[in-house]
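Secondary and tertiary structure notes
Listed below are the residues making up each chain.
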Amino acid sequence: MNVLDSSAFIDEYTTDEPVATIPMVREELQDEAGYRFDALEGSGMRIHIPDPETVERIERAARETGDAETLSRTDIRLLATAFELDAVLVTDDYAMQNVAEKLDIAVDVIAQGGIDERRDWTFQCQGCGRVFDDNRDRCEICGSELTRRRP
């Protein structure tokens, strides 16, 4: 089974495998992409709502990789759906691919190359330069903003 991100509908992704997605994806689609969603739903695409406990597990994994601030609510729930259904996640989103790699969720890319390696991001203070493993609103030492950086 393949779990489809909105980019699958936008880029006209096709497969012979059964497909699933979440209701929130439809809200992101307009025009032809929305019609493709409706057509697939009418022809048997599974609409799945992931369990809140699985969503929390995905959020924890996203915090651990440093991708939590980059992922949308929809992205988190798509990852949770792929995890619950033991399915292939179809997406071009690099942050989603990074978290999927951490959770051993298979990924199929659509229009772009996939990630080469999983990254656990770090966050550096713009004021004092201190590096943190997790994202915070401000540096606990000097109060400056943090930026995500490659380790």
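Reading the values: rules and limits
- Residues numbered from 1 in each chain as written.
- Predicted model: local features only at pLDDT ≥ 70, side-chain atom pairs only at ≥ 80, totals over all residues.
- Heavy atoms only, no water.
- Core = buried A, V, L, I, M, F, W, Y, C linked by side-chain atoms within 4.5 Å.
- Buried < 20%, exposed > 50% of the residue type's maximum accessible area, 1.4 Å probe, protein only.
- Helix = DSSP H or I, 4+ residues; strand = E, 2+ residues; numbered from the N terminus.
- Contact = heavy atoms within 4.5 Å.
- Pairing = 2+ DSSP bridges.
- Axes fitted to C-alpha atoms, helices over the stretch in contact; angles between N-to-C directions.

Counting residues in hydrophobic clusters, the biggest one holds 34 residues, and the most contacted among them are Val3, Leu4, Phe9, Leu71, Leu79, Leu89 and Val99. Per-element tally for this core: the top contributor is helix α5 (residues 73-85), with six residues. Setting aside its immediate chain neighbours within four residues, Leu79 contacts Ile58, Leu71, Leu89, Met96, Val99, Ala100 and Ile105. Listed in part, the five residues of the second largest apolar core include Cys125, Phe132, Cys139 and Leu146.

Strand order in the open sheet made by the five strands is β3-β2-β1-β4-β5, with parallel pairing throughout. Since the sheet does not close on itself, it has two edges, and those belong to β3 (46-47) and β5 (107-108), each with one partner. For strand β1 (residues 2-4) and strand β2 (residues 19-21), the ladder comprises two bridges, and the chain directions are parallel. Bridge pairing links Val3 to Ala20 in β2. Across the sheet, α5 touches β1, β2, β3 and β4 (88-90), and the angle it forms with β1 is around 170°.

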